[in-house]
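Read off the chains here:
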Amino acid sequence: DKTTVNHMKEIFKVIDMDGSGSIEYDEMVAFVENPDLNLQSYFEALDINATDTRSLFHLLDEDMSGEVDIEEFCDGCMRLRGNARSFDLHTLRYEVKKNNKRMAKFMQHVMRNLRTITD
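Residues numbered from 1 in each chain as written. Predicted model: local features only at pLDDT ≥ 70, side-chain atom pairs only at ≥ 80, totals over all residues. Heavy atoms only, no water.

**Considering the packing of helix 1 (residues 2-15) against helix 5 (residues 70-80)**
Any two packed helices are characterised by how steeply their axes cross, that is the angle between the axes, and by the distance between the axes.
And step 1. Between helix 1 and helix 5, whose axes approach to 10 Å, the crossing angle comes to 130°. When the interaxial angle is binned, helix 1 and helix 5 end up oblique. When the axes of helix 1 and helix 5 are compared, the crossing they make is right-handed. Contacts between helix 1 and helix 5 involve Thr4, Val5, Met8, Lys9, Ile11, Phe12 and Ile15 on the former and, on the latter, Ile70, Phe73, Cys74, Cys77 and Met78.
And step 2. Class assignment for the residues of the contact of helix 1 with helix 5 results in 10 nonpolar, one polar and one charged. (Axes fitted to C-alpha atoms, helices over the stretch in contact; angles between N-to-C directions. Helix = DSSP H or I, 4+ residues; strand = E, 2+ residues; numbered from the N terminus. Parallel < 35°, antiparallel > 145°, perpendicular 65-115°, else oblique. Left-handed = near helix turned anticlockwise from the far one by under 90°. Contact = heavy atoms within 4.5 Å. Nonpolar A, V, L, I, M, F, W, Y, C, P; charged D, E, K, R; others polar.)

**Considerations on the state of the cysteines**
And step 1. Going through the model one piece at a time under the given rule, you end up with zero disulfides.
And step 2. Left unpaired, Cys74 is separated from the closest cysteine sulfur, that of Cys77, by 6.7 Å. (Disulfide = S-S within 2.5 Å.)

**Quick look at the packing of aromatic side chains**
And step 1. Taken as a whole and judged by the stated rule, the model has two aromatic pairs.
And step 2. Ring centres of Tyr25 and Phe57 lie 5.7 Å apart, and the angle between their planes is 75°; this geometry places the pair in the edge-to-face category. One end of the pair, Tyr25, is in helix 2 (residues 25-33); the other, Phe57, is in helix 4 (residues 53-60), with 32 residues separating them in the sequence.
And step 3. By relative accessible area, which is 23% here, Tyr25 ends up partly exposed.
And step 4. With a relative accessible area of 3%, Phe57 lands in the buried category. (Phe/Tyr/Trp six-rings, centres within 6.5 Å; stacked < 30°, edge-to-face > 60°. Buried < 20%, exposed > 50% of the residue type's maximum accessible area, 1.4 Å probe, protein only.)

**What to know about unusual backbone geometry**
And step 1. The phi torsion at Met64 lies on the positive side, around 55°, for a residue other than glycine.
And step 2. Mapped onto the elements of the fold, Met64 is located in the loop between helix 4 and strand 2 (67-69).
And step 3. Met64 sits in the partly exposed class, given a relative accessible area of 27%.

**A few points about the nonpolar core**
And step 1. Core analysis: the largest hydrophobic core is formed by 22 residues, its most contacted members being Ile15, Ile23, Phe43, Leu60 and Phe73.
And step 2. Contributions of two or more residues to this core are made by helix 1, helix 2, helix 3 (39-45), helix 4, helix 5 and helix 6 (84-118).
And step 3. Here Ile15 is in contact with Ile23, Glu27, Met28, Phe31, Leu39 and Phe73, once residues within four sequence places are set aside. (Core = buried A, V, L, I, M, F, W, Y, C linked by side-chain atoms within 4.5 Å.)

**Focus: the environment of Arg54**
And step 1. Take Arg54: it is sitting in helix 4.
And step 2. Taking the C-alpha atoms as reference points, Arg54 and Phe31, 23 residues apart in sequence, are found 13 Å from one another.

**Quick look at the pattern of salt bridges**
And step 1. Applying the stated rule across the entire model yields five salt bridges.
And step 2. Across the pair Glu62 and Arg79 runs a salt bridge, and its minimum N-O distance is 3.3 Å. One end of the pair, Glu62, is in the loop between helix 4 and strand 2; the other, Arg79, is in helix 5, with 17 residues separating them in the sequence.
And step 3. Residue classification places Glu62 among the partly exposed residues on the basis of a relative accessible area of 26%.
And step 4. With a closest N to O distance of 3.5 Å, Lys98 and Glu95 form a salt bridge. Pair noted here: Lys98 and Glu95 are both in helix 6, with a separation of three residues, about one helical turn.
And step 5. One network of salt bridges, with partners in common, ties together Glu62, Arg79, Arg93 and Lys97. (Salt bridge = Lys/Arg side-chain N within 4 Å of Asp/Glu carboxyl O.)

This is the structure:
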């Protein structure tokens, strides 16, 4: 709903300390480690179980660019809303995606080596 998205945008602005329009992992960590801000409370208000900062960041970084823009942040938070199972499923989704990229690179390497052998 609109109120939730507005709340997410406000959280994004707080995390985006340098005002660049995107969040880097270091900014997320600084936000989490700031006891005055209490990240978990923000996410609990959105019904997001996010106890692992690194996993949360990777789940939000949909394009794997190393930065999370406001659209990725809001979309990711909406996807992750719900109980811990939702968070766990999206963690699994991230890992599968990462492994697929690794496998594709490996297959390219194998194909290059096979071409070398057969030529």
